Amino acid sequence: MLCKIGEVEVWRLLDIHGPFMTPEYLFPNAGPDVSQIIERHVAKGVCKVSDRLILPIQGFLLITPHHRILIDSCVGNGKNIPAFPDWHMRSDGRFLAALAAAGLGVADVDYVLCTHLHSDHVGWNTQLHDGRWVPTFPNARYLMPAEDESVPKVRNSDLYAESVLPVIAAGQAEFFQDGHALGECVRLIPTPGHTPGHVSVRIASMGKEAIITGDALHTAAQCWHPEWHFRFDVDAEQAVSSRRKLLETASETDCIVLGSHFALPSIGRVKALNAAFCWTDLSDI
Ligand SMILES: [Zn+2]
């Protein structure tokens, strides 16, 4: 188990852990020293061999007293993603092995929540069975942001055909608007910008709180530099505004923060610092 927030167990389901792209490419307005800035703030944040940002792709499994909820289903196997060769047509058992290590099988998951509709957050929604894409989690309701689903570019994508449409066809999809809650312990926080319908997740139980960022941030270094744009933000300035608000909430509540793409261990706390914030890994607190 990664941590426990009141009565809610949080498990890490790691799908991919490795270098992604260079910081200079990923953070286009961060200036020429972006790699050094990340290295200063984040141990092992940049791969020494490739000079690329280390970007884990992980989901978080929440076991509440009433539900088993998967937050983000990562890249998955067999998906057509030629623009990202490391994600393209994968065949890997790590993600489902991590689910088994938490004591669950695919039939035990009640909800799958996709923070947004990008290919590293919807992949395990489905898997190939006899040449057809079928929902990986046969008993789950799949929650996805309505505002992402209505984007024409999304509807015309391989992502949609492989990882969303089969869930709709199986009658397991629900497209949510703002302010959605999942049982008593889990609430969605709108953090638009990376995509129009992007959400982060708040866990609250027995007086304890945590936030799962989703892609409101992509590295802990963005706590010090929330103004950094990310290459794949749909509306980068709106993302900056959402990022600042989320970091303010995290700092004010002193809650645990789980950074979906942060360098491992990806868990820590945020504190306001001058006009920005700082991050401390939980193991260093
Ligand atoms: Zn992502």
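Computed from a prediction, not measured in an experiment: that's the story for all the values here.

Visitor: Mind showing me how you'd approach the overall build of the chain here?
Guide: Helix and strand content of the chain: eight helices and 16 strands. A compact globule built from 285 residues should have a C-alpha radius of gyration of about 19 Å, and the chain, at 18 Å, falls within 12% of that. Judged by the C-alpha coordinates and their principal axes, the chain covers about 50 × 45 × 35 Å. Expressed as a percentage of its 285 residues, the buried residues of the chain come to 55%. Restricting to contacts in the chain with at least 6 residues of sequence separation, those with at least 24 account for 67%. Here the chain displays about 11900 Å² of accessible surface, and carbon together with sulfur accounts for 52% of that area. Put simply, the chain has 23 plus and 33 minus side-chain charges, and the middle of one group is 3 Å from the middle of the other.

Visitor: Sorry, what's going on with the coordination of the zinc ion here?
Guide: Six octahedrally arranged donors around a metal ideally form angles of 90 or 180 degrees; four tetrahedrally arranged donors ideally form angles of 109.5 degrees. Around the zinc ion, the protein supplies D120 (OD), H121 (NE2), D215 (OD) and H261 (NE2) as donor atoms, at distances of 2.1 to 2.2 Å. Note that the zinc ion binds four donor atoms; their angles at the metal cover 87 to 160 degrees, and the shape is irregular. Of note, the zinc ion draws all its donor residues from one chain, in the sequence arrangement D-H-x93-D-x45-H. Of this pair, D120 sits in the loop between β5 (111–113) and β6 (126–129) while H261 sits in the loop between β14 (256–258) and β15 (267–273), and the two are 141 residues apart along the sequence. Both residues of the pair, D120 and H261, count as buried.

Visitor: Can you help me understand the nonpolar core in this one?
Guide: A general tendency of soluble globular proteins is for nonpolar side chains to be buried together. The biggest cluster of nonpolar side chains holds 67 residues, and the ones touching the most others in it are F27, I38 and F137. Counting 23 residues, the second largest nonpolar core, distinct from the first, contains C3, L62, V201 and I212.

Visitor: How should I be thinking about the environment of N29 in this particular structure?
Guide: Of note, N29 is situated in the loop between α1 (23–26) and α2 (34–41). Once the C-alpha coordinates of N29 and H229 are considered, the two residues, 200 residues apart in sequence, prove to be 6.1 Å apart. In this view, N29 contacts E227, W228 and H229; residues no more than four positions away in its chain are not counted. Polar side-chain contacts of N29 include one of 2.8 Å to the backbone nitrogen of H229.

Visitor: Sorry if this is basic, but what is going on with the pattern of salt bridges here?
Guide: For side chains bearing opposite charge, pairing can occur when the charged atoms are close. Enumeration according to the criterion identifies nine salt bridges in this entry. Two residues, D233 and R243, come together in a salt bridge whose shortest N-O distance is 3.7 Å. With a gap of ten residues between them, D233 in the loop between α7 (221–224) and α8 (236–253) and R243 in helix α8 connect regions that are remote in the sequence. With respect to class, D233 is no different from R243; both count as buried. Bridged by salt links that share partners, the residues D15, R90 and D92 form one connected network.

Visitor: Honestly, the layout of surface pockets in this entry has me stumped. Any pointers?
Guide: Once rolled over the atoms, a probe with the size of a water molecule shows which space is left empty. Its volume calculated, the largest pocket comes out at about 690 Å³. Of all elements in the fold, only α5 (152–155) and α6 (158–169) reach the threshold of two or more residues within the lining of the largest pocket. The residue makeup of the lining of the largest pocket, split by class, is 14 nonpolar, eight polar and five charged. In this model, the second largest pocket occupies a volume close to 190 Å³. Surrounding the second largest pocket, 13 residues form its lining, H41, V42, A43, W279 and D281 being those nearest its centre. It is strand β16 (residues 276–281) that contributes the most residues to the lining of the second largest pocket, three residues altogether.

Visitor: I'm lost on the side chain of H194 in this one. Help?
Guide: Relative to the helices and strands, H194 resides in the loop between β11 (186–190) and β12 (199–205). A polar atom in the side chain of H194 sits 3.4 Å from the side chain of H116. Side-chain polar atoms of H194 contact the side chain of H118, separated by 3.1 Å. When sequence neighbours within four positions are dropped, the list of residues in contact with H194 reads H116, H118, D215, H218, F230, F232, D233, V234 and A239.

Visitor: Which parts of the structure should I look at to understand the sheet that holds β14?
Guide: What the seven strands build is an open sheet, ordered β10-β11-β12-β13-β14-β15-β16; its pairing is mixed. The open sheet terminates on both sides in strands that have one partner only, identified here as β10 (181–182) and β16. Along the sheet, α8 contacts β11, β12, β13 (208–212), β14, β15 and β16; its crossing angle with β15, the most-contacted strand, is approximately 100 degrees.

Conventions adopted
- Residues numbered from 1 in each chain as written.
- Predicted model: local features only at pLDDT ≥ 70, side-chain atom pairs only at ≥ 80, totals over all residues.
- Heavy atoms only, no water.
- Helix = DSSP H or I, 4+ residues; strand = E, 2+ residues; numbered from the N terminus.
- Rg over C-alpha atoms; globule rule 2.2 N^0.38 Å.
- Buried < 20%, exposed > 50% of the residue type's maximum accessible area, 1.4 Å probe, protein only.
- Contact = heavy atoms within 4.5 Å.
- Areas by Shrake-Rupley, 256 points an atom, 1.4 Å probe, with all protein chains shown as cover.
- Lys, Arg positive; Asp, Glu negative; His and termini not counted.
- Charge placed at Lys NZ, Arg CZ, Asp CG, Glu CD.
- Donors = N, O, S within 2.8 Å, 3.2 Å for Na, K, Ca; no water.
- Tetrahedral: all angles 85-135°; square planar, octahedral: opposite > 155°, others 65-115°.
- Core = buried A, V, L, I, M, F, W, Y, C linked by side-chain atoms within 4.5 Å.
- Polar contact = N/O pair within 3.5 Å; in protein donor to acceptor, adjacent residues only side chain to side chain.
- Salt bridge = Lys/Arg side-chain N within 4 Å of Asp/Glu carboxyl O.
- 1 Å grid on protein atoms, 1.4 Å probe; cavity = no way out; pocket = protein on both sides within 12 Å on 5 of 7 lines; lining within 4 Å.
- Points joined across faces, edges and corners; volume = space filled by probe spheres on them.
- Nonpolar A, V, L, I, M, F, W, Y, C, P; charged D, E, K, R; others polar.
- Pairing = 2+ DSSP bridges.
- Axes fitted to C-alpha atoms, helices over the stretch in contact; angles between N-to-C directions.

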